Every structure is written in structure tokens, then in C-alpha cells.
Amino acid sequence: MAQQVFWERKSLAQMNSGEWESLCDGCALCCLQKVEDDETEQVHYTSVVCHLLDKSNCHCTEYKDRSRLVPNCVKLRPEDVVEFHWLPPTCSYRLIHEGKKLPEWHPLITGQADSVIKAHASVLSVYEVTDKDINDDQLLDYILL
Ligand code: SF4
Ligand code: SF4
């Protein structure tokens, strides 16, 4: 009998570091600026993306130094799993945490690193401007539904 793949067999907390890293689909949707409603605490995504994203390949141009350069850059850790509800609905970590399946375009399923881009499921299909193109007070104009 075929063994279940690790992301269906293990919880996020049980994954080793290699498995944890490979779970990221590279969509970079978490690189979009977010706005939190003070009253409802609901997190809204905007179409404003971090200026350090390489728009040709959806990679961070300063990955090793990202936390220093962008203090609000998202760094996911297994111990923060209870907070994963604010991640994009298609984020692999959120899907696994909620007991859902990975989408068919996920690189772990297709075997192709750029399948998320080809499926138009990455930030490249969503963003309009970078955070260097607007003022902070314009952010609300870019809230996505
Ligand atoms: S939203 Fe989730 S799957 Fe997409 S890049 Fe961010 S951490 Fe990875
Ligand atoms: S620093 Fe890199 S990983 Fe962090 S939000 Fe910006 S582009 Fe994304």
C-alpha cells in the first residue's frame, strides 16, 4: 500500500524543517500589505506588495536579510499555528492547519516550482503597486474584497 504523503500524514508541528519549508507554495501572497480592522480585528489584504519582491519570479530579493529590512515581514513558525487564520485562504500552512487539502497547483503535487504562478494563484496576479509607490494613508484605497 502506498504511504501517505507527509503533508497528509503529519501535523504542522510534526514536520521537520525541510518538510516545513517545502510546504510553502511560493505564492508570496503573504507579501501583500495588510490592514487590521480595530473593532473586528479582521485582517484585510490589499493589492499593495512589498517593494522587495522580484516581480519577474515571485521571489524575495533580500530573503536572508528580510526581517531586518522589513520588520513586518511574515516569518511563519510552527508555534504560531493558532494565529494562522489571518494568512491568505490558499496559504498551504493555513490549509493544512485547517485540515484541508493542498490545491492541485501546489509545487509538491506538480513537481514544478513555478506551478503556482502558472495557475495564476500567486501575488503576481493580484498586486497593483508596491509599498514604495504609495503613501501610508493611501493603503485603504487598495483593500481587496
Ligand atoms: S502565503 Fe503561505 S504558501 Fe504563500 S508564500 Fe506565504 S507562507 Fe508561502
Ligand atoms: S521582505 Fe521579502 S519575504 Fe518579506 S514581505 Fe518583502 S518580499 Fe516578502
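Refer to the preceding data block for the structure.
The following refers to the structure shown. (Residues numbered from 1 in each chain as written. Chains lettered and ligands numbered in written order. Predicted model: local features only at pLDDT ≥ 70, side-chain atom pairs only at ≥ 80, totals over all residues. Heavy atoms only, no water.)

The environment of ligand 2 is formed by C31, C50, L52, L53, C60, R66, V70 and C73. Applying the majority rule of atoms within 2 Å of the grid points places ligand 2 in the largest pocket. Among the residues making up the shell around ligand 2, the classes are represented as seven nonpolar, no polar and one charged. (Near = heavy atom within 4 Å. 1 Å grid on protein atoms, 1.4 Å probe; cavity = no way out; pocket = protein on both sides within 12 Å on 5 of 7 lines; lining within 4 Å. Sits in = over half its atoms within 2 Å of the grid points. Nonpolar A, V, L, I, M, F, W, Y, C, P; charged D, E, K, R; others polar.)

Let's shift gears to the site of ligand 1. Taken together, C24, D25, C27, A28, C30, L76, P88, C91, S92 and Y93 make up the full set of residues adjacent to ligand 1. Cavity membership is defined here by more than half of the atoms lying within 2 Å of grid points; on that basis ligand 1 lies in the largest pocket. Residues of the shell around ligand 1, tallied by class, amount to eight nonpolar, one polar and one charged.

It is worth spelling out the sheet that holds strand 1 (residues 32-36) at this point. Spatial strand order, 1-2-5: three strands in an open sheet with mixed pairing. Of all strands in the sheet, those bounded by a partner on one side alone are strand 1 and strand 5 (129-130). Where strand 1 and strand 2 (residues 43-49) come together, four bridges link them in antiparallel fashion. Looking across to strand 2, one finds that V35 is bridged to H44. (Pairing = 2+ DSSP bridges. Helix = DSSP H or I, 4+ residues; strand = E, 2+ residues; numbered from the N terminus.)

The next point concerns unusual backbone geometry. Although it is not a glycine, C58 sits at a positive phi angle of roughly 70°. Inspection of the secondary structure puts C58 in the loop between strand 3 (53-54) and strand 4 (59-60). Of note in the backbone geometry, H120 takes a positive phi value of approximately 60° without being a glycine. Looking at the element boundaries, H120 is found in the loop between helix 6 (115-118) and strand 5.

Looking now at the pairing of strand 2. Within strand 2, five of the seven residues are buried, which leaves the element mostly enclosed by the surrounding structure. Hairpin connection from strand 1 to strand 2: six residues lie between these consecutive antiparallel strands, with E41 at a positive phi of about 60°. Bridge count for strand 2 against strand 5 is two bridges, and the pairing is parallel. Bridge assignment links V49 to a residue of strand 5, and that residue is T130. (Buried < 20%, exposed > 50% of the residue type's maximum accessible area, 1.4 Å probe, protein only.)

Inspection of every chain in the model, using the stated rule, returns two aromatic pairs. Measuring from ring centre to ring centre gives 4.6 Å for W20 and Y93, while their planes differ by 45°; the resulting arrangement is tilted. Remark: Y93 occurs in helix 4 (residues 92-97) and W20 occurs in helix 2 (residues 17-23); sequence separation between them is 73 residues. Under the relative-accessibility criterion, W20 is labelled buried at 8%. (Phe/Tyr/Trp six-rings, centres within 6.5 Å; stacked < 30°, edge-to-face > 60°.)

Geometry only, nothing functional implied.
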